[in-house]
Structures are given as structure tokens and as C-alpha cells.
Amino acid sequence: MQRNQFYHKVLVYLNSLTSIEDSDFTNLFTGKKSNEIVLHLDQNQIIEDDFLGAKIFWINEEETLVLKIRKADKRRVLRPYLQHIDTVSDELDEKKWELKLYVNVVDNHDGRKGRWRSVPFTHPSTFDTLAMESDLKNKVKSDLHSFAKAKQYYHRLGRVWKRSYLLYGPSGTGKSSFVAAMANFLSYDVYDIDLSKVSDDSDLKFLLLQSTSKSLIVIEDLDRFLSEKSTAVSLSGILSFMDGILTSSCGEERVMVFTMNGKDHVDPAILRPGRIDVHLHFPLCNFTAFKTLANSYLGLKDHKLFPQVEEIFQNGASLSPAEISELMIANRNSPSRALKTVINALQTDGDGRGALHIGRRSVEEIGEPSGVFCTEGVNAVKEFKKLYGLLRVKSSRKSQSLDLIGRQN
Ligand SMILES: Nc1ncnc2c1ncn2[C@@H]1O[C@H](COP(=O)(O)OP(=O)(O)OP(=O)(O)O)[C@@H](O)[C@H]1O
Ligand SMILES: [Mg+2]
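Residues numbered from 1 in each chain as written. Chains lettered and ligands numbered in written order. Predicted model: local features only at pLDDT ≥ 70, side-chain atom pairs only at ≥ 80, totals over all residues. Heavy atoms only, no water.

By the naming in an unreviewed UniProt entry, the protein chain is AAA+ ATPase domain-containing protein, taken from Hibiscus sabdariffa. In its Sequence similarities (unreviewed entry) section, the UniProt entry covering the protein chain states "Belongs to the AAA ATPase family. BCS1 subfamily." (UniProt positions renumbered as here; feature names shortened; annotations may be inferred.)

Written out as C-alpha cells, the structure reads:
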């Protein structure tokens, strides 16, 4: 049931050979950077290699790689050659030209569920673009780094070489973006497990077995799944999946990531040390995160409205980074207007949501962000002026401002 890891390694190795350019035909792909073009082995293509003075041929026949080597050379070069491929492909894997995102789908052809389908993984998120405590970012980076280097250590301890992260926090605080940043940082493929498409516990095990090493295995919204009454996968199925016993036979590293909105109602067995190694909280936007967002979305290092924004944040956060970044994108042509809109939203958004939902609704109605941007922008500035006057008098008039927004719409 397991993938042949060596098949993958040979493919990686062959695709890196310059002799691939001598072929009569080959596949061409866009690489990681948009102007990069990558040559890729095609079906029935023959590729030549030299090793220790011996000529070697590979033929790519439908999912099979055939190696041809002269009898006279075989004894001498075969083993060292295979070892050479193993080493080179490991080095190449560290700087993969393309990451993949795998999703499990229900296969309609043979009725079997839980097969992986892959697409190129191109999510641009990196740790640099994420607004979060830089201390925390650095800790995560060094944690991932030392994990990736710790094969011998885990092996000696008799432990499965895996590391599990729990990312929890309200919606729109950057959990999914963080997963993408982890994948980009490690150059790992992502296996995103949709539990609703898993038919039972053994199917879940099967999916794990079918994943490759150096990958990020992700289950999003685990708390929501666990709270559902009847599910195809049981709690014990999830627990043994988390322990990853089966993958130990591959002896290769995997990082597991689970996301949740909150962990209060989750069975403690899920969260115990060893199952989850690192807990990361994703809070609503605070002033530090706001500054990072203003810098990346509006190019602002500082602004005369910043002190006012800081003051509002001192009374507590009410919006997620996603909500704030949306406002910034919509008003990116005018940083001042963007900041005023954000201030407006923070002040009027007593329960942390109201005002922005109004904005979103109009996005759907008009169907074009720039349209919204105009209507909302003008109204927001007018309202802002009205509100700003009121709010300056007494900051506790939040309810009044909510009323105004309500009437306006
Ligand atoms: N901390 C952050 N820094 C920068 N951008 C962020 C941050 N949080 C959210 N965003 C922006 O908001 C959008 C939504 O974020 P994301 O999907 O990562 O949130 P989430 O926590 O996974 O939400 P949900 O729980 O609803 O899945 C992203 O496109 C991202 O650009
Ligand atoms: Mg998410």
C-alpha cells in the first residue's frame, strides 16, 4: 500500500540531468518563478547518464522506470550508482522546483474513497508576510529547522519522526496562511485531509500511508469535525492517526498540523503532549500586527493616525487580521482613507463583526471590489467624520455608532 519512495527519487534525479535536453521530446513546465522553465521527463523517453565511466540508460515506460546497464559494468557500478541517486535526489529535494498540494477526493470510478489528487502548490504566504509576534515566528522557524535535522535523534529514541502543531484562534487570524508559510519554509508538499471525504478509520490510515515523506499533513477545523455527532472517522481513529504508528515504517519525517477555532471543548486525549507538540495561538489583530499589515498592504511604516489606532487597540481587539487586511486592500490607493476606514471599523465594530459584514454583503451585490471600494469609501469617510466627532467626545458611545451604520445601510 505504500508508495515506492525510491521511484520518486529516481524521477527527481533524472529530471535534474542535463542530458534531458538531448531528448527528442520532453515536457515543459513553468517553474517556481514565473520566468523559469523546467524540463520534465516524458513517457517513453530514453535518458542517458554516465557513472564511473559506464554508460547508463533509463527508459520511462508508463509508471515504470527501466534501467539499462552493460553486463560488464553492472557489478562494478550498480550499487554505488543507486546510492549516488539516493544522495543527489535528497539534496535536490531540499530545493524542490515545485511543491504539491494533495487533496483527498472520493474516487467515482471504482467507488474507492480517499485517493489523493495533486495540484501545484503556489500559495505565496511566507513567515515574512504574516503579521504575528516576530519572537514567535523565530521560535517556530528554529523548531522546524531542528526537527528537520533530527532524524538520528528520533531514531535513537525509537520515536516516529514527526512533529505536530496545533494552530488555534478565531476565523481570519492567519492559521491557513501559516500552514502555507510552513510548507514554503520547509519546501514540503502539503496533504490537506478533508475528513468528510474519508470513509472510515482504515481509510484514514490508508491516506497516511499513501503520503510521501517530507510532507505537511494538514487537518483543518478539527474541533468542528469532533463536535459533529455522527462521523465516519472515530475519535480513536483520529488518535492513532495522530500517533502516526504506521508511517514509522517509512522512517521519514512528517509534520502534522491541525487547526481549530478553539480547543476548550476538545477531548484532552487529542491535545496531550506527544500528540500535539506545539500549541500556537492566533489572536485577533493587535497594534503590532496592525503595523505589520499597514507596512505590507499600504507601505506605511508610520502615520499620524497610528497613535489613534494604538489607543483603540488598548481597549481590546475586535477585528481579525483578515478583516483589517481586506479594508486595506480595498483602500490601497489612499493610505489615509484606508486607516480611517480601519479606525471606523474598529470603533463601530462593538461585537467584533457588524460593520464589515455590511461591507462584504455589498461586495457580493456589486460583484466587483472596486465598485464597493468607491461606494463604501465615500460613505465611510462621511460616516467617519460624523462618528469621529461623536467618538472623540466620549469613547463609550460605541452603541450609537453601530446605530448609525445600521441606518445608513
Ligand atoms: N496574521 C496575518 N497576517 C497577515 N495576513 C493575514 C493574517 N491573518 C489573516 N490574514 C489574511 O487574511 C486572509 C485569511 O486568513 P486565513 O485564511 O489564514 O485565516 P484562518 O485563520 O485560516 O481563518 P479560518 O479559521 O476561517 O480558516 C489571508 O488571505 C491573509 O492574507
Ligand atoms: Mg483557515
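Visitor: Residues and numbers for the side chain of Ser125, please.
Guide: Note on placement: Ser125 falls in the loop between strand E7 (113-121) and helix H3 (134-148). We classify Ser125 as buried; its relative accessible area is 6%. Each residue touching Ser125, except ones within four places of it in the same chain, is listed here: Leu130, Ser177, Ala180, Ala181 and Asn184. (Helix = DSSP H or I, 4+ residues; strand = E, 2+ residues; numbered from the N terminus. Buried < 20%, exposed > 50% of the residue type's maximum accessible area, 1.4 Å probe, protein only. Contact = heavy atoms within 4.5 Å.)

Visitor: Before we move on, can you summarise the site of ligand 1 with the specific residues and values?
Guide: Of all residues adjacent to ligand 1, which total 16 residues, the nearest are Ala131, Ser171, Gly172, Lys175 and Ser177. Ser171 places a side-chain nitrogen or oxygen 2.4 Å from an oxygen atom of ligand 1. Measuring from an oxygen atom of ligand 1, one finds a backbone N or O atom of Thr173 at 3.2 Å. Protein chains bury 73% of the 630 Å² of accessible surface belonging to ligand 1 in isolation. The set of elements that each furnish at least two residues to the shell around ligand 1 consists of helix H5 (175-186), helix H10 (287-298) and helix H12 (321-330). Residue composition of the shell around ligand 1, grouped by class: seven nonpolar, eight polar and one charged. Residue-level mapping places the shell around ligand 1 at the junction of two domains, with at least three residues from each of domain 2 (99-281) and domain 3 (287-408). (Near = heavy atom within 4 Å. Polar contact = N/O pair within 3.5 Å; in protein donor to acceptor, adjacent residues only side chain to side chain. Areas by Shrake-Rupley, 256 points an atom, 1.4 Å probe, with all protein chains shown as cover. Nonpolar A, V, L, I, M, F, W, Y, C, P; charged D, E, K, R; others polar. Domains from an automatic or database assignment.)

Visitor: Residues and numbers for the sheet that holds strand E3 (residues 46-51), please.
Guide: Read across the open sheet, the three strands follow the order E3-E4-E5; overall the sheet is antiparallel. Both edges of this open sheet fall to E3 and strand E5 (64-69), since each of them pairs with a single strand only. Sheet twist, expressed as the average angle between the axes of neighbouring strands with direction ignored, equals 25 degrees. Alignment of E3 against strand E4 (residues 54-61), held across six bridges, turns out to be antiparallel. If you follow Ile47 over to E4, its bridge partner there is Trp58. (Pairing = 2+ DSSP bridges. Axes fitted to C-alpha atoms, helices over the stretch in contact; angles between N-to-C directions.)

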